[in-house]
Every structure is written in C-alpha cells, then in structure tokens.
Amino acid sequence: MLVILKLVATSGTTDGNTNTNTNINSNVVPKITPPSSIIPALTPSASPAIIIPSPNRKITPTPSPNVISSPNTAGQRKNYQSPTIKYLACNNDYKQPINESEISYLKWSATWNGNEFNHTPGPDAYGTQHSDKVMRYLTLDGSCWEASWDGEGNFYHKKLSTNEAHLDPVIKYLYWDRSKWSATRKDNSFEHTFIAEADR
C-alpha cells in the first residue's frame, strides 16, 4: 500500500486564527541543531593554558636553577647568574671606604642590549634609562673605570683618571651595598662571583 503524506504549513494570524498553506517554499532551509554530544571540540588539545589571576593574587616566577636575582646578605654570599649587574656609577675616583651617604645616587643597573649596555638608574640616582656602549663603574679600590664589550669575549677597560687601559673578560665592581664582586658575560647574562665584603 502506498502512503502519500501531505506537508501542511500553518501560521498564526493577527486575529488569532490559524491559516493553512499547502504551498511550501522550497528555498527555506530548516535549521538543524545536532545534540551537543556529537559536536566536536573546536579548541586544539595543544593550546597553552591561559591563567587569569585574581586582582589580589601576586604571581612570582620560578627562577631557573642556580639563578638568583641578587646577592645574599653579608656573611651568606653566593655566586649567581643574572641578566642584570647592579653597580656603583662614577665620574671620578672615590677613596675607600666610601661613605654610605655618597652611594645612594651612584646606584645603577645594566643589562645587555647586543654589545651595548641598557642602563637604568636606581631609586635615588639621577638620570634616565638609556643604552650605551660604555659602563662607567667603581672598581674594588674605589677608582672609576669604563668598560665596553669588544664582541670577542673581553671587556675593554679604561681608567678614567689616567687613561690606563687593558682587555679582560672580567669586570671587578662594587655592588650597591659596596661589597666586592667580579662579573663575566655568559650569553645575555652576567656570572657574578663574590670577592669580599665592603671596606669599613
């Protein structure tokens, strides 16, 4: 037996009655919404996780092994690696021991910018952040030197007061607390080695 079904479209009228229309518009494509269980996930499984912290949450990055941000306190010094060198800047020699009241405006830090230094003033230092081929620093005896990178593994050092100069892979400098350190370049970081506490 052959069963013929007749499609009937109904629509409401403004008077509340129902009209019957047997002329179906074949151009109208019905919207089909499949169950959510068969919709594939659109987010790739390899996408990195995005963490949005709450406003009051402080996230501290985990340092790499053997890398710390600054020297330990006096009596507990350790050698360390850092992208930054914190040094005492200068325009002239200082007699050791340097008075603590003199050093607050001498505190600068530097990072690598290719073969140049990016210099940043400390909290009380005068000046602005800038890039320069030269780092002018106080060495262990309080004398003022300039260092520039020769691109071949050495610093070119020049004493400001006498123009005495030499090549050396090491910078011997005074840290912000006047303790004595040396630094060598490793890629875009500094390898810092403790030498002695500040002169008293």
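Everything below is about the structure printed above this text.
Residues numbered from 1 in each chain as written. Predicted model: local features only at pLDDT ≥ 70, side-chain atom pairs only at ≥ 80, totals over all residues. Heavy atoms only, no water.

Visitor: It is not clear to me how the layout of surface pockets should be interpreted in this structure. Could you clarify?
Guide: Rolling a probe over the atoms, with the probe sized like a water molecule, indicates the empty space that remains. Each pocket or cavity is described by its volume, and for the largest pocket that value is around 320 Å³. Taken together, 16 residues line the largest pocket, and the ones lying closest to its centre are Ala89, Cys90, Asn91, Trp108 and Arg136. When contributions to the lining of the largest pocket are tallied by element, the ones reaching two or more residues are β7 (130-132) and β8 (134-138). Residue contributions to the lining of the largest pocket peak at three residues, all from β8. Looking at the lining of the largest pocket residue by residue, the class counts come to ten nonpolar, four polar and two charged. (1 Å grid on protein atoms, 1.4 Å probe; cavity = no way out; pocket = protein on both sides within 12 Å on 5 of 7 lines; lining within 4 Å. Points joined across faces, edges and corners; volume = space filled by probe spheres on them. Helix = DSSP H or I, 4+ residues; strand = E, 2+ residues; numbered from the N terminus. Nonpolar A, V, L, I, M, F, W, Y, C, P; charged D, E, K, R; others polar.)

Visitor: Even after reading the chapter, I still don't get the environment of Val134, so can you show me in this structure?
Guide: Mapped onto the elements, Val134 comes out in strand β8. C-alpha separation for the pair Val134 and Phe117, spaced 17 residues apart in sequence, amounts to 6.9 Å. If we skip the residues at most four places from it in the chain, Val134 touches Phe117, His119, Glu146, Ala147 and Ser148. (Contact = heavy atoms within 4.5 Å.)

Visitor: I would appreciate a short explanation of the state of the cysteines in the present structure.
Guide: Linking two cysteines covalently through their sulfur atoms gives a disulfide. Enumeration according to the criterion identifies one disulfide in this entry. Each disulfide pairs two cysteine sulfurs, and for Cys90 the partner residue is Cys144, the sulfurs being separated by 2.1 Å. Looking along the S-S bond of the Cys90-Cys144 disulfide, the torsion reads about 85 degrees, which is the right-handed sense. Of this pair, Cys90 sits in the loop between β4 (85-88) and α1 (100-103) while Cys144 sits in strand β9 (residues 144-149), and the two are 54 residues apart along the sequence. For the pair formed by Cys90 and Cys144, the shared burial category is buried. (Disulfide = S-S within 2.5 Å. Buried < 20%, exposed > 50% of the residue type's maximum accessible area, 1.4 Å probe, protein only.)

Visitor: How should the side chain of Arg178 be read in this particular structure?
Guide: Mapped onto the fold, Arg178 is located in the loop between β12 (171-174) and β13 (180-186). Its relative accessible area of 5% is what places Arg178 among the buried residues. At a separation of 3.2 Å, a polar atom in the side chain of Arg178 contacts the main-chain carbonyl oxygen of Ile98. Of note is the side chain of Arg178, whose polar atom sits 3.1 Å from the side chain of Glu100. (Polar contact = N/O pair within 3.5 Å; in protein donor to acceptor, adjacent residues only side chain to side chain.)

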